[in-house]
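# Summary of the model geometry
The residues making up each chain are set out below.
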Amino acid sequence: MRFFFYGTLLDRDVMALVIGRRLPPQAYVAAGLPGHARRRVKNATYPIVVTARSGEVPGAIVCGLSHRDVARLAAYEGPGYRIVPLRVNVQGRMTEVSVFEPIQSRLQPSRDLWDLTLWQRRHKRSFVERLRRALSGRPAYSTP
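Residues numbered from 1 in each chain as written. Predicted model: local features only at pLDDT ≥ 70, side-chain atom pairs only at ≥ 80, totals over all residues. Heavy atoms only, no water.

### Comments concerning the layout of surface pockets
Heads up, the rule is: We place a 1 Å grid over just the protein atoms. Points where a 1.4 Å probe fits but has no way out form a cavity, open points with protein on both sides within 12 Å along at least 5 of 7 lines form a pocket, and any residue with an atom within 4 Å of a point lines it. Grid points are joined across faces, edges and corners, and a volume is the space filled by probe spheres set on the points. Under the scheme used here, helices are H or I runs from DSSP no shorter than 4 residues and strands are E runs no shorter than 2 residues, and both carry numbers assigned from the N terminus.
When its volume is computed, the largest pocket comes out at roughly 510 Å³. Lining the largest pocket are 25 residues, and of these Thr-8, Tyr-46, Tyr-76, Glu-77 and Phe-127 sit closest to its centre. Within the residue set of the lining of the largest pocket, elements represented by two or more residues are strand 1 (3-5), helix 2 (67-77), strand 5 (93-102) and helix 4 (124-136). In terms of residue count, the dominant contributor to the lining of the largest pocket is helix 4 (five residues).

This is the structure in structure tokens:
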């Protein structure tokens, strides 16, 4: 299965924690989501995408995900997301992949653009600590 990611799951440590294994570097293919911008969610450190006619959100298509991986990703994203098909740009060609799309309006974008490198410097450590604690209490994550 192939999914497009544009936020915290681009961080390979976060992805490994969530799915319980490290993906090889070649599993990540650079891609962009045209017609959108990536903004930080209000009162959070993670992003959401919003429509922006001239924008393109950088991200990656992650290939080789198993049904178990997708189940863990769905648990990580939570009930406020659904899996939908999406067209993204890969080296000038559009291709259809899956994405976790928010279905609740509780995620409101701030004015701040979201940048992975900045997030990694400022927020990753505390985010990963909270994620480890949260995942340790879930039965699906108790075994690799």
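Having put the structure on the table, let's press on.
### A closer look at the pattern of salt bridges
The criterion, for reference: By definition here, a salt bridge exists when the distance from a side-chain nitrogen of Lys or Arg to a carboxyl oxygen of Asp or Glu is within 4 Å.
The full count for this structure, using the stated rule, is six salt bridges. Salt bridges linked by common partners bring Asp-11, Asp-13, Arg-22 and Lys-124 together as one network.

### Side note on the side chain of Thr-8
As a reminder, the rule being used: Classification of residues uses two cut-offs on accessible area relative to the type maximum, computed with a 1.4 Å probe and protein chains only: under 20% is buried, over 50% is exposed, and between them is partly exposed. Residues adjacent in sequence count toward polar contacts only when both atoms are side-chain atoms; beyond that, a polar contact is any pair of N or O atoms within 3.5 Å, and within protein one must be able to donate a hydrogen and the other to accept it. In what follows, residue pairs with any heavy atoms lying within 4.5 Å of each other are defined as contacts.
Considering the arrangement of structural elements, one finds Thr-8 in the loop between strand 1 and helix 1 (12-19). A relative accessible area of 7% places Thr-8 in the buried class. A distance of 2.7 Å separates the side chain of Thr-8 from the side chain of Tyr-76, its partner in a polar contact. Ignoring anything within four residues of it in the chain, the contact list for Thr-8 reads Val-14, Tyr-46, Pro-47, Tyr-76, Trp-114, Trp-119 and Phe-127.

### As for the pairing of strand 3 (residues 47-62)
Under the convention used in this document: Two strands pair under a simple rule: DSSP has to find at least two bridges between them.
Sheet analysis places strand 1 next to strand 3, joined by three bridges and oriented antiparallel. Looking at strand 3, one finds that Phe-4 is bridged to Ile-61. Here strand 2 (residues 28-41) runs beside strand 3; their pairing, made up of 12 bridges, is antiparallel. Opposite Ala-30, over in strand 3, you have Ala-60 as the bridge partner. Turn length for the strand 2-strand 3 hairpin, with the two strands adjacent in sequence and antiparallel, is five residues, and the turn residue Asn-43 shows positive phi of about 60°.

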